[in-house]
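# Architecture at a glance
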Amino acid sequence: DTEVTQTPKHLVMGMTNKKSLKCEQHMGHRAMYWYKQKAKKPPELMFVYSYEKLSINESVPSRFSPECPNSSLLNLHLHALQPEDSALYLCASSQDYGTGELFFGEGSRLTVL
Amino acid sequence: AQRVTQPEKLLSVFKGAPVELKCNYSYSGSPELFWYVQYSRQRLQLLLRHISRESIKGFTADLNKGETSFHLKKPFAQEEDSAMYYCALRDNTGGFKTIFGAGTRLFVKA
């Protein structure tokens, strides 16, 4: 299995809702990432996990809460989001942090009403 | 600060014409450069990286440290090359973050 799988593909939520985005890979990669991509913009790094530990938080607001339950899974918990948080959220993985290429999922398109 | 610049938002060429997508970077150390591509309705994927020096789908890119450039080239564009292309840089001296340029949409006309 050489894919990064993200669920759900689409999510619509209100500003008071709590939801989660999920990401899974079975390539044995030890680094996993969350990127945010607004329309017609490049991906922007949010979080990096290396060996299941949070290595980088790019000053992301606390309404986004990442979690790495094990080496294959990465979650992004969402709470009290704002309409401007609507975007495509991309998960990626790499062999190790700082080496190799990034393997991306198809993304979860989030709309906050 | 590290930066990746892709000066063209859109590049339109005819099938069979040469194509060059420009990428310039600013970086104080020894960078690792990549080109990622996103075809319509597909995920973002690696096209090539400078350290492998490969030619993928007829595309090549040479790292020019003097000009701080990593332009992507193909001698004869094909319609299936139409896609969004992102130049990316990995900071290998601290943080190991991958930073993306704004992207260039390539449209190859029949």
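The following refers to the structure shown. (Residues numbered from 1 in each chain as written. Chains lettered and ligands numbered in written order. Predicted model: local features only at pLDDT ≥ 70, side-chain atom pairs only at ≥ 80, totals over all residues. Heavy atoms only, no water.)

What follows covers the sheet that holds strand β1 (residues 4–7) of chain A. Residues and elements named next belong to chain A. Spatially, four strands are ordered β1-β3-β8-β7 in an open sheet, and the strand pairing comes out antiparallel. The sheet is open, and its two borders are formed by β1 and β7 (64–70), each paired with just one other strand. Neighbour-to-neighbour, the strand axes of the sheet open up by a mean angle of 20°, direction not taken into account. (Pairing = 2+ DSSP bridges. Helix = DSSP H or I, 4+ residues; strand = E, 2+ residues; numbered from the N terminus. Axes fitted to C-alpha atoms, helices over the stretch in contact; angles between N-to-C directions.)

Contact with chain B, which involves 17 residues of that partner, is made by 19 residues of chain A. Both sides of the chain B and chain A interface together cover about 1600 Å² of buried area, and 52% of this is carbon and sulfur. Across the contact surface, chain B and chain A share two salt bridges. For the salt bridge of E3 of chain A with R43 of chain B, the shortest nitrogen-to-oxygen distance reads 3.6 Å. At the boundary of chain B and chain A, one finds eight residue pairs in polar contact (both at pLDDT 80 or more). Mapped by element, the contributors of at least two residues to the side of chain B that touches chain A are β5 (32–38), β6 (45–49), β9 (83–90) and β10 (98–100) of chain B. Element by element, the count of residues in the side of chain B that touches chain A is highest for β5 of chain B, at three residues. Tallied by class, residues from the side of chain B that touches chain A come to eight nonpolar, five polar and four charged. (Contact = heavy atoms within 4.5 Å. Buried area = accessible area lost by both parts, 1.4 Å probe. Salt bridge = Lys/Arg side-chain N within 4 Å of Asp/Glu carboxyl O. Polar contact = N/O pair within 3.5 Å; in protein donor to acceptor, adjacent residues only side chain to side chain. Nonpolar A, V, L, I, M, F, W, Y, C, P; charged D, E, K, R; others polar.)

On to the sheet that holds strand β7 (residues 60–61) of chain B. Residue and element names in this part refer to chain B. The sheet built from three strands is open, its strands ordered β3-β8-β7 with antiparallel pairing. Where the open sheet ends on each side, the last strands, each with one partner, are β3 (19–21) and β7. Strand direction decides the pairing type here: β7 and strand β8 (residues 72–74), joined by two bridges, are antiparallel. What sits directly across from T60, in β8, is K73.

The next thing to look at is the side chain of Q6 of chain A. Along the polypeptide, Q6 of chain A turns up in strand β1. In this structure Q6 of chain A touches K22, C23, W34, Y89, L90, C91, G105, E106, G107 and S108 of chain A, once residues within four positions along its chain are discounted.

This part is about the packing of aromatic side chains. The relative placement of two aromatic rings is captured by the distance of their centres and the angle of their planes. This structure, assessed with the given rule, holds eleven aromatic pairs over all chains. Between F59 of chain B and Y85 of chain B the ring centres are 5.6 Å apart and the planes differ by 50°, which places this aromatic pair in the tilted class. Of this pair, F59 of chain B sits in the loop between β6 and β7 while Y85 of chain B is found in strand β9, placing the two residues 26 residues apart along the sequence. Assessed through its relative accessible area of 0%, F59 of chain B is described here as buried. By the ring-pair criterion, three or more aromatic residues cluster together here, those being Y33, Y35, Y97 and F104 of chain A together with F34, Y36, Y86 and F100 of chain B. Over the ring of F14 of chain B we find K109 of chain B, and its NZ or CZ is 4.3 Å from the ring centre. (Phe/Tyr/Trp six-rings, centres within 6.5 Å; stacked < 30°, edge-to-face > 60°. Buried < 20%, exposed > 50% of the residue type's maximum accessible area, 1.4 Å probe, protein only. Lys NZ or Arg CZ within 6 Å of the ring centre and 35° of its normal.)

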